[in-house]
Protein chains: 4
Amino acid sequence: RFFHRGRMAKSKFEYVKSFESEDKLLPNCWIVVRVDGKSFHKFSEKHEFEKPNDIRALHLMNRAAVKVMEHFKDIVISYGDSDEFSFILRKDTEIFNRRGFKIMTYINSLFSSSYVYCWKQHFDVKLKFPPFFDARIILYPTDENLRDYLSWRQVDCHINNLYNTTFWALVLKGGLTNQEAEKRLCGTVTADKNEILFSEFNINYNDEPEIFKKGTILLRKKIRSPNSDHFKKVIIPLHEDLISEKFWNIHSEILTIKS
Amino acid sequence: RFFHRGRMAKSKFEYVKSFESEDKLLPNCWIVVRVDGKSFHKFSEKHEFEKPNDIRALHLMNRAAVKVMEHFKDIVISYGDSDEFSFILRKDTEIFNRRGFKIMTYINSLFSSSYVYCWKQHFDVKLKFPPFFDARIILYPTDENLRDYLSWRQVDCHINNLYNTTFWALVLKGGLTNQEAEKRLCGTVTADKNEILFSEFNINYNDEPEIFKKGTILLRKKIRSPNSDHFKKVIIPLHEDLISEKFWNIHSEILTIKS
Amino acid sequence: RFFHRGRMAKSKFEYVKSFESEDKLLPNCWIVVRVDGKSFHKFSEKHEFEKPNDIRALHLMNRAAVKVMEHFKDIVISYGDSDEFSFILRKDTEIFNRRGFKIMTYINSLFSSSYVYCWKQHFDVKLKFPPFFDARIILYPTDENLRDYLSWRQVDCHINNLYNTTFWALVLKGGLTNQEAEKRLCGTVTADKNEILFSEFNINYNDEPEIFKKGTILLRKKIRSPNSDHFKKVIIPLHEDLISEKFWNIHSEILTIKS
Amino acid sequence: RFFHRGRMAKSKFEYVKSFESEDKLLPNCWIVVRVDGKSFHKFSEKHEFEKPNDIRALHLMNRAAVKVMEHFKDIVISYGDSDEFSFILRKDTEIFNRRGFKIMTYINSLFSSSYVYCWKQHFDVKLKFPPFFDARIILYPTDENLRDYLSWRQVDCHINNLYNTTFWALVLKGGLTNQEAEKRLCGTVTADKNEILFSEFNINYNDEPEIFKKGTILLRKKIRSPNSDHFKKVIIPLHEDLISEKFWNIHSEILTIKS
């Protein structure tokens, strides 16, 4: 509503409201909302993203995700790579009464509008058309399930990045056509791709930027304000391995935060 | 995905995918997706929307809705007023395999990003922060139910607009405070508000712009190209009564379109 | 509850109730509940059902279905054959607030307990163990969808009955083993099976009992009490074609009954 | 199906099958199915159940529950009192592919048919009509949630039993009418009821049978066959406190059983 809402005269049409369905999420489960770009292959072509990774595009995704986290305080960790971002809400959140549709669509919408809103801070090229994203919402009953979910996404990031890094080296530096590069990579495993990168293009995959290899983790951290004893909460980006035990030991507050 | 997707090595984490739930919508029902602005009262204050209606804001909503309809061809009619818009998809649409989450989140996301994308074509003032919208999805089994849904929204538009028109006349022209205006309107019915407008402010409510009183209906129509015999489909805005039989007789194709 | 329920002291465990989920059915749709026997192949073997059809078993199914219809007045028509029965509730029923779980489980439970309760009225052999049934609940938005559902079940009845009639003729009268009969029927169409029955066993399939070929339709009908002008509602079994228009013309009240 | 199923000719009606909805339960959660008698107040009146507790009725409920557990091996513990029974399935069960409707309706149906089937082993009076039960299915993500669920039901059993014991003492031994007894108990707490029982009827509530006060827990236990070293699994009834830590220490296998 822009301004005031008139007292609803109960019209004979009101009954249609009863066709809406409830969607209260099971309590005591981690809530994951993942947004995923629609047709970003084409979108990235049209906006001349750098290959295999466009750092501006990744920073823009991260910026949009930060906007979402600033608004929804019950998000305790987010993880993104490529054109997708996952937001994890506390197990005990009561936001919007745990109505799944509300949670999912608000996060998706704010992410989408922020992406467009922040575009020109990251790209010189004008945005040619508005991109959009779908969203899904998933429940995980245990901490282990949640960690496995995040590990799954980070493994996915790694697999795709190694593939793309090798593919575009073959095309852009090796002079292969897309089809030739695809064929060349068909059936290769991790070691094969590392070898191609190293022996043919002098690229040590390990030296690639962490943000490409690991994606971006967004966490809330308390930091001390300079020149004062006050603490404030900030959202910080990390590009680390989150599969190992070490990450969860260092950031143990993620799994234990209560409202 | 930006570029290529690597062949998925089946990691031990893959099982987490099985926690996603299905949400196939019942076949042979009208599908309504309604997007609704979050905190638009505050948003309109911050961007100094004109009261009681800001024609720029309404045109921007309509523009974003047109973007959605251009993309999703199975939307046969849309209706919007204030900060909400409803999109109706054909009963027999098989878009996204009738997966409700996909339909709802794509429409919501494209509407949201289009709103920001088109902002500066409608407003001189800079957008201060990205607005966002929730979405819901509702099924209606019969044509009658669907018409009643649209009638419900148009009645809602009317009730709110009459209230706001009177309220802001009392405040902006009558010099009342917000509280005084609220109190004055408490318990009044339609005739009372019409009378206040006419006798105190010389406003005949019937002469108010149709877009304020009726909201906006977006329809697809075939029109003949000038200087040729070709027809093309365009999306046209109407500001008419859609509650009466007349509307549905004139636009009888809405309810009968098949894929 | 057997007797009284004590005033619930709100214990700290009460919160677990919030984990239950809602399941309100979409309004204005036909509600179909179908119960289906679990492992009735084995059950019929153990209780020496006659092959290919045991009239006692069919009558028992019908009896259990009548018990269900006597209790749930919003069921307007039921259809059963073999070990399954479908119950159709009025589109506008508000029974149990349209909570799907309640509707489905009550019908299923009453059908199951009635089956055992009425067993000895139909069988001399003692019931060796309690049989059981699953249930599902399905919504149909239009009369056409509902009719097609019932037609689907009746076509299914026909196909299975023709198959079984021919199969058991080959085995019981033709002396084939089960495997030989199966092989013989593999790839045959309706005409082939009719031909086998007629030429080899002198059976004209058309002369088979209607209850075998068509299953059982249960309808509510008003009948005049003898010696009086009073009408009363009774549930009557029919063994007719319900696919044709004729059935729905004669029994036109089924689709038009309102609460 | 009684016998064979004919090869389905794909009729034009088959499409109606697509209106069925999925209902796969979230993995890694405890599954609780609770059955609950419909109108058992009336049922118990008609069959002259003893007040405040009819031991035959309780034993019959337990018998029906055992039948269910014998069939569904993934049920690790059950709990019942009065006219309700809860069945808990292993977190990792894959029974019926975790389709909730199947699980719920099969358990409910087998419980219902077993209740009728076993009636005459417990009651001399003839069963006058078939009773029936509803069922609901609830997910609990953690062991703590599950324990709290069971505690909730046992607290409920206690509260109701204390109330009924006192109520019927007042009526049957004290000569009060039902209304007078109700009024007398209005606003009383546990200590009050204990006092009434003791001072007026010389009943020490603690000496009441455990099955009345605690309900019935059904567990699977390995026992050694007499005269042999073989173990076999049996289902045993317990009437104990399951709220305390002690119960879960002794029967620690309940929460740890894996498939």
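Predicted model only: the values in this text are computed from it and were never measured.

K.L.:
Kindly report on the overall build of chain A, identifying the contributing residues and their values.
P.N.:
The number of helices and strands found in chain A is 9 helices and 6 strands. The C-alpha extent of chain A, read off along each of the three principal axes, is 75 × 45 × 40 Å. Within chain A, the fraction of its 259 residues that count as buried is 58%. Contacts in chain A between residues far apart in sequence, at least 24 positions, make up 69% of those at least 6 positions apart. Accessible surface, chain A: about 11600 Å² in total, of which carbon and sulfur atoms supply 51%. Across chain A, 41 positive and 35 negative side-chain charges occur, with their mean positions spaced 9 Å apart.

K.L.:
Lay out the packing of helix H4 (residues 143–173) of chain C against helix H5 (residues 178–185) of chain C with the relevant residues and their values.
P.N.:
Residue and element names in this part refer to chain C. It is at 9 Å that the axes of H4 and H5 come closest, and there the two elements cross at 130 degrees. Taken as axis vectors, H4 and H5 run oblique relative to one another. Both H4 and H5 take part in a crossing whose hand is right-handed. Residues Tyr163, Thr166, Phe167, Trp168, Leu170 and Val171 of H4 lie in contact with H5, whose contacting residues are Asn178, Ala181, Glu182, Arg184 and Leu185. Considered class by class, the residues forming the contact of H4 with H5 number 7 nonpolar, 2 polar and 2 charged.

K.L.:
Lay out the environment of lysine 183 of chain B with the relevant residues and their values.
P.N.:
Examined against the element boundaries, lysine 183 of chain B turns out to sit in helix H5 (residues 178–185). By relative accessible area, which is 69% here, lysine 183 of chain B ends up exposed.

K.L.:
Quick one: what's the story with the interface of chain C and chain B, residue by residue and with numbers?
P.N.:
Interfaces are frequently sized by the accessible area removed from exposure as the parts join. With 9 residues of chain C at the interface, the matching set in chain B holds 9 residues. Interface area, chain C with chain B, both sides summed: about 580 Å², of which 63% is carbon and sulfur. Put simply, chain C and chain B have 0 salt bridges between them. Taken together, the links from chain C to chain B amount to 2 residue pairs in polar contact (both at pLDDT 80 or more). A class-by-class count of the residues in the side of chain C that touches chain B yields 5 nonpolar, 3 polar and 1 charged.

K.L.:
Residues and numbers for the pattern of salt bridges, please.
P.N.:
Within the structure shown, the criterion is met by 60 salt bridges over all chains. Here aspartate 134 of chain B ties to arginine 136 of chain B by a salt bridge, and the two come within 3.5 Å at their closest N and O atoms. With a relative accessible area of 16%, arginine 136 of chain B lands in the buried category. Several salt bridges converge on common partners, so that one network encompasses Lys17, Glu20 and Lys102 of chain A together with Arg34, Asp134 and Arg136 of chain B.

K.L.:
Please provide a residue-by-residue account of the pairing of strand S1 (residues 30–37) of chain B, values included.
P.N.:
Residue and element names in this part refer to chain B. The element S1 is largely enclosed, with a buried count of 8 among its 8 residues. Residue alternation in S1 divides its side chains into two sets, Trp30, Val32, Arg34 and Asp36 and Ile31, Val33, Val35 and Gly37, and both sets are buried. Across 8 bridges, the pairing between S1 and strand S4 (residues 133–140) is antiparallel. Bridged to aspartate 36 within S4 is aspartate 134. Summarising the sheet, S1 and strand S3 (residues 84–89) pair through 6 bridges and their orientation is antiparallel. The residue of S3 that forms the bridge with aspartate 36 is glutamate 84.

K.L.:
So what's going on with the sheet that holds strand S5 (residues 216–224) of chain B? Residues and values would help.
P.N.:
Residues and elements named next belong to chain B. Read across the sheet, 6 strands follow the order S4-S1-S3-S2-S5-S6 without closing on themselves; strand pairing throughout is antiparallel. Each edge of the open sheet is held by one strand with a lone partner, namely S4 and strand S6 (231–238). Each neighbouring strand pair of the sheet contributes to a mean axis angle of 25 degrees, computed without reference to strand direction. Packing against the sheet, helix H2 (residues 55–71) makes contact with strand S2 (75–81), S3, S4, S5 and S6, and its axis sits at approximately 20 degrees to S3.

K.L.:
Please set out unusual backbone geometry residue by residue, giving values where relevant.
P.N.:
Residues and elements named next belong to chain A. Cis rather than trans, the peptide bond between lysine 51 and proline 52 has omega equal to 5 degrees. Mapped onto the elements of the fold, proline 52 is located in the loop between helix H1 (40–46) and helix H2 (55–71). Notably, asparagine 28 is not glycine yet its phi reads approximately 60 degrees, a positive angle. Tracing the sequence through the fold places asparagine 28 in the segment before strand S1 (30–37). Overall, the relative accessible area of 23% leaves asparagine 28 in the partly exposed class. Phi at serine 39 takes a positive value of approximately 55 degrees, unusual for a residue other than glycine. Turning to its location among the elements, serine 39 is positioned in the loop between S1 and H1. With a relative accessible area of 43%, serine 39 lands in the partly exposed category.

K.L.:
Mind laying out the interface of chain B and chain A, listing which residues take part and the relevant values?
P.N.:
Contacts between the two partners involve 81 residues from chain B, matched on the other side by 82 residues from chain A. The contact between chain B and chain A buries some 7400 Å² in all, and 61% of this surface belongs to carbon and sulfur atoms. Arginine 136 of chain A is the partner of glutamate 20 of chain B in a salt bridge, and the nearest nitrogen-oxygen pair spans 3.2 Å. Along the contact surface separating chain B from chain A lie 24 residue pairs in polar contact (both at pLDDT 80 or more). For the side of chain B that touches chain A, the secondary structure elements donating two or more residues are helix H1 (40–46), H2, helix H3 (100–122), S4 and helix H4 (143–173) of chain B. With 15 residues, the single largest contributor to the side of chain B that touches chain A is H4 of chain B. Among the residues forming the side of chain B that touches chain A, the class breakdown is 41 nonpolar, 17 polar and 23 charged.

K.L.:
Summarise the relation of the copies chain C and chain B; cite the residues concerned and give the values.
P.N.:
Overlaying chain C with chain B gives an RMSD of 0.1 Å, the required rotation being 180 degrees about an axis along which the chain moves by 0.1 Å. Expressed as a symmetry operation, the mapping of one chain copy onto the other fits a two-fold axis. Closest approach to the rotation axis within chain C is made by the C-alpha atom of proline 141 of chain C, at a distance of 2.5 Å. When the interface residues of chain C are mapped onto chain B, 100% of them are again interface residues, pointing to one common binding face.

Rules used in this analysis
- Residues numbered from 1 in each chain as written.
- Chains lettered and ligands numbered in written order.
- Predicted model: local features only at pLDDT ≥ 70, side-chain atom pairs only at ≥ 80, totals over all residues.
- Heavy atoms only, no water.
- Helix = DSSP H or I, 4+ residues; strand = E, 2+ residues; numbered from the N terminus.
- Buried < 20%, exposed > 50% of the residue type's maximum accessible area, 1.4 Å probe, protein only.
- Contact = heavy atoms within 4.5 Å.
- Areas by Shrake-Rupley, 256 points an atom, 1.4 Å probe, with all protein chains shown as cover.
- Lys, Arg positive; Asp, Glu negative; His and termini not counted.
- Charge placed at Lys NZ, Arg CZ, Asp CG, Glu CD.
- Axes fitted to C-alpha atoms, helices over the stretch in contact; angles between N-to-C directions.
- Parallel < 35°, antiparallel > 145°, perpendicular 65-115°, else oblique.
- Left-handed = near helix turned anticlockwise from the far one by under 90°.
- Nonpolar A, V, L, I, M, F, W, Y, C, P; charged D, E, K, R; others polar.
- Buried area = accessible area lost by both parts, 1.4 Å probe.
- Salt bridge = Lys/Arg side-chain N within 4 Å of Asp/Glu carboxyl O.
- Polar contact = N/O pair within 3.5 Å; in protein donor to acceptor, adjacent residues only side chain to side chain.
- Pairing = 2+ DSSP bridges.
- Least-squares fit on C-alpha atoms with pLDDT ≥ 70 in both.

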